[in-house]
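Spelled out, the chains give:
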Amino acid sequence: MAVDVPVALLGYGTVGAAVNRLLEEGADEIQRATGHRLRVTRALVRDLDAERGYPAADGILTTDFPSIAEDDSIALVAEVMGGLEPTGEYVLRLLRAGKPVLVAGPAEDNLDLKHVIVGWKDAREARRAVQDGLPLLKLADRVTVVEIAANEDLTDARARTEDVVDWLARHGVAASARAVSGATEEAAQLGDIARELGAGLVVGGAYGHTRFREWVLGGVTRDFLLHPTRCSLVSH
């Protein structure tokens, strides 16, 4: 029996409508490949009456953001609005509510799953991100688990990424592990690796050490959310 994955969209313009159409027309194929059935159940818009190239079913469009943020049934939110405000605040609230957010890059009009990178840290946020991203990882042609670590921690980092690869294999995802030496600019380095490998999606956790807003707007996660160059799936 397929796992039901209710999806919400922030935005229903050209990209949002294309996502809904893809999930509707490809639902059976996605289910066969992953065992998950992804379906759009809510889409946040500014104008309910605007003309749209691919109309949504009755009851999907809403102007009420809390109806998405407070709906425990929604398993994944795709941000396709663009811009910083109110998008940034919406994403913060969704992550605070425990919902994974898929952020589209500014030039993206489709989700490229030929190669997906998992940005790994030995933290619950990364473990949650991998679990949340499992339906997309199952659709990927290639998955690479990457951990950026200090030189003295590389041996342990290799072991950790291999453990993740083993876990993914048990859940039907073939992946490879890669541990690389790095310092503080993890976002930039992860972006370089993604470009090197031609990755269309980066999966990672929302990390931090102080107040929640500083967590989400700091370091790797800030760059994922506010300066996306490719699609990213972020969980907290």
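Residues numbered from 1 in each chain as written. Predicted model: local features only at pLDDT ≥ 70, side-chain atom pairs only at ≥ 80, totals over all residues. Heavy atoms only, no water.

Student: Describe the overall build of the protein chain, naming the residues involved and giving the relevant values.
Tutor: For the protein chain, the helix and strand inventory stands at ten helices and ten strands. Expressed as a percentage of the 236 residues in the protein chain, the buried residues total 48%. Considering only residue pairs separated by 6 or more positions, the protein chain has 73% of its internal contacts joining residues 24 or more positions apart. For the protein chain, the accessible area works out to roughly 11,700 Å², and carbon and sulfur atoms hold 48% of it. (Helix = DSSP H or I, 4+ residues; strand = E, 2+ residues; numbered from the N terminus. Buried < 20%, exposed > 50% of the residue type's maximum accessible area, 1.4 Å probe, protein only. Contact = heavy atoms within 4.5 Å. Areas by Shrake-Rupley, 256 points an atom, 1.4 Å probe, with all protein chains shown as cover.)

Student: Give me the lowdown on the environment of Val202, citing residues and values where you can.
Tutor: Turning to its location among the elements, Val202 is positioned in strand β9 (residues 201-205). Between the C-alpha atom of Val202 and that of Gly191, which follows or precedes it by eleven residues, the distance is 8.9 Å.

Student: How would you explain the pairing of strand β8 (residues 175-181) if you had to name every residue and give the values?
Tutor: Looking at chain direction, strand β7 (residues 142-149) and β8 are connected through seven bridges and run parallel. By the bridge assignment for β8, Val146 is matched with Arg178. Handedness of the crossover joining β7 and β8 through helix α7 (residues 154-170) is recorded here as right-handed. (Pairing = 2+ DSSP bridges. Right-handed = clockwise from strand over helix to strand, strands pointing away.)

Student: Run through helix α5 (residues 124-132), naming residues and quoting values.
Tutor: A turn of α-helix holds 3.6 residues, and therefore any two residues three or four places apart point the same way. Among all positions of α5, only Glu125, Ala126, Ala129 and Val130 are buried. Buried residues of α5, viewed axially, fall in a sector of 135°; they line one side. Buried residues along α5 sit against β6 (115-119), α6 (134-139), α7, β9 and β10 (231-235). (Arc of directions from axis to C-beta.)

Student: Explain α7 residue by residue, including any values.
Tutor: With 17 residues, α7 should cover 24 Å at 1.5 Å per step; its first-to-last C-alpha distance of 25 Å lies within 8% of that length. Considered for burial, the residues of α7 that qualify are Leu154, Ala157, Arg160, Thr161, Val164, Val165 and Leu168. When α7 is viewed along its axis, its buried side chains cluster within an angular range of 145° and face the same direction. Every exposed residue of α7 that faces more than 90 degrees away from the buried side is listed here: Thr155, Asp163, Ala169 and Arg170. (Expected span 1.5 Å × (residues − 1).)

Student: For the sheet that holds β6, give the residues involved together with the corresponding values.
Tutor: Strand order in the open sheet formed by ten strands is β3-β2-β1-β4-β5-β10-β9-β6-β7-β8, with mixed pairing between adjacent strands. With one partner strand each, in any of the chains shown, β3 (61-62) and β8 form the two edges of the open sheet. As defined by bridge partners, β6 adjoins β7 across five bridges and the pair is classed as parallel. Residue pairing for β7: Val116 is matched across the bridge by Val143. Lying on the sheet, α7 is in contact with β7 and β8; it crosses β8 at an angle near 160°. (Axes fitted to C-alpha atoms, helices over the stretch in contact; angles between N-to-C directions.)

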